[in-house]
2 protein chains.
Amino acid sequence: MTATTRKTTKHKLLPNAFMARAIELSIENVRSGGGPFAAVVVRDGKIIAEGVNSVTTENDPTAHAEVMAIRAACKKLGIFELTGCEIYTSCEPCPMCLGALYWARPVCVFFANQAADAAKFGFDDAFIYSEIQLAHADRKIPMIQMMRKEALAAFRAWKQHPTKLRY
Amino acid sequence: MTATTRKTTKHKLLPNAFMARAIELSIENVRSGGGPFAAVVVRDGKIIAEGVNSVTTENDPTAHAEVMAIRAACKKLGIFELTGCEIYTSCEPCPMCLGALYWARPVCVFFANQAADAAKFGFDDAFIYSEIQLAHADRKIPMIQMMRKEALAAFRAWKQHPTKLRY
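No experiment lies behind these values; they were computed from the predicted model shown.

### With respect to helix 5 (residues 95–104) of chain B
Part 1: Counting buried positions along helix 5 of chain B gives 10 out of 10 residues, so the element sits mostly inside the fold.
Part 2: Listed as buried for helix 5 of chain B are Pro95, Met96, Cys97, Leu98, Gly99, Ala100, Leu101, Tyr102, Trp103 and Ala104 of chain B.

### Observations concerning the interface of chain A and chain B
Part 1: In this assembly, 105 residues from chain A lie in contact with 106 residues from chain B.
Part 2: With both sides pooled, the region where chain A packs onto chain B buries about 9300 Å², and carbon together with sulfur makes up 68% of that total.
Part 3: Three residues, Tyr102, Trp103 and Phe155 of chain A, lead the burial of chain A against chain B; their summed loss comes to 10% of the area buried on that side.
Part 4: Scanning the region where chain A abuts chain B turns up six salt bridges.
Part 5: Salt-bridge contacts for Arg148 of chain A lead to Asp117 of chain B; the nearest nitrogen and oxygen are separated by 2.7 Å.
Part 6: At the surface where chain A touches chain B, the tally comes to 32 residue pairs in polar contact (both at pLDDT 80 or more).
Part 7: Examining the composition of the side of chain A that touches chain B, we find that 11 residues originate from one element, helix 8 (residues 148–160) of chain A, more than from any other.
Part 8: In terms of residue class, the side of chain A that touches chain B is made up of 62 nonpolar, 24 polar and 19 charged.
Part 9: Pairing geometry for strand 5 (residues 143–145) of chain A and strand 4 (residues 108–113) of chain B, over three bridges, is parallel.

How each quantity is defined
- By convention here, each chain's residues receive numbers from 1 onward along its written sequence.
- A letter from A marks each chain and a number from 1 marks each ligand, given out in the order of writing.
- With pLDDT at 70 or above as the cut-off, local features in this predicted model cover only qualifying residues; side-chain atom pairs require 80 or more to be listed or tallied, and sums for whole chains, interfaces and linings still use all residues.
- The basis for the side-chain values is all heavy atoms of the structure; hydrogens and waters are excluded.
- Note on classification: 1.4 Å probe, protein chains only; a residue is buried when its accessible area is under 20% of the maximum for its type, exposed when over 50%, partly exposed between these limits.
- Counting from the N terminus, the helices are the DSSP runs of H or I reaching at least four residues and the strands are the DSSP runs of E reaching at least two.
- Should any heavy atoms of two residues lie within 4.5 Å, those residues are considered in contact.
- Accessible area that two parts lose when put together, with a 1.4 Å probe and added across both, is what the buried area reports.
- Take a side-chain nitrogen of Lys or Arg and a carboxyl oxygen of Asp or Glu: if they are within 4 Å of each other, that pair is a salt bridge.
- N or O atoms closer than or at 3.5 Å make up a polar contact, with two conditions inside protein: a donor-capable atom paired with an acceptor-capable one, and, for residues adjacent in sequence, both atoms drawn from side chains.
- Amino acids are sorted into nonpolar (Ala, Val, Leu, Ile, Met, Phe, Trp, Tyr, Cys and Pro), charged (Asp, Glu, Lys and Arg) and polar (every other residue, Gly among them).
- A pair of strands is considered paired only if DSSP assigns at least 2 bridges between the two.

Here you go:
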């Protein structure tokens with residue numbers, strides 16, 4: 001991760017009720033046995049869904065706060081995008097959650113703690129950001145390519161599918 | 001993404017039954033109305049879980065093949081890590097799935113199609129990798145920091161929690 005990338009935009013924002021709610025949930029979640037992370041999804045000035053880190057409580061490594069909030073909001077809206085929504089998360093999204101946010105396509109993301117803060121308390125967020133920079137074979141979890149020729153058939157089938165739903 | 005990062009390690013691997021299964025599932029999934037992606041989790045030489053892209057069929061933007069396979073495998077194993085497992089995915093993981101893989105901590109990841117292939121067929125994988133490189137404020141989905149001081153309380157609560165389960 002370059003210095004530019006890790007540079008944080010510090011806006012002079014007043015305390016915000018939606019972020020305050022995300023922070024409150026993140027603290028409550030620690031007391032409930034979960035990780036110190038929470039997020040809320042806001043649409044038209046109202047919270048439509050909340051999520052807390054449930055990795056250890058649900059035995060699901062993908063159950064981060066943002067992922068949980070996105071899933072809950074999409075379920076409520078009955079659609080796979082969060083067009084017109086804002087997301088308030090108690091901590092800068094890890095790469096998984098950043099990716100999830102891009103796929104969900106909200107208008108804007110507000111965050112409080114930084115990935116470096118999470119790293120200080122033992123979480124892998126900053127480590128995973130650094131791994132993304134490395135060549136596949138140099139990563140701590142090696143990534144090895146094989147059988148691309150055979151796999152391309154899936155993309156060709158997708159291209160030819162007459163009623164596919166793009167996302 | 002640097003040229004180094006996007007360089008792919010091409011091993012001379014023979015066709016593999018686990019990858020063949022992932023590719024088969026990815027093609028079947030297109031016919032079933034889903035995206036052209038699938039993944040399988042292997043432990044001790046056996047497939048213990050499979051996942052297919054279910055974004056549009058489940059209205060969940062996080063329901064990518066790797067995420068679905070990881071969730072299914074963890075549910076089966078009753079734990080939030082995939083220690084000792086290998087993952088075979090029909091396409092190079094997007095940033096969300098790469099993050100999910102790091103949190104799941106398998107031994108190794110095998111992939112077939114590349115992110116650039118997915119991009120050619122209209123998927124945002126390569127775009128999201130490029131966005132990660134940008135400063136928060138320069139991203140297509142702006143990321144704005146606020147209330148860090150208040151949010152740090154969650155990490156302090158985590159540090160002080162006597163029976164926390166690290167992940």
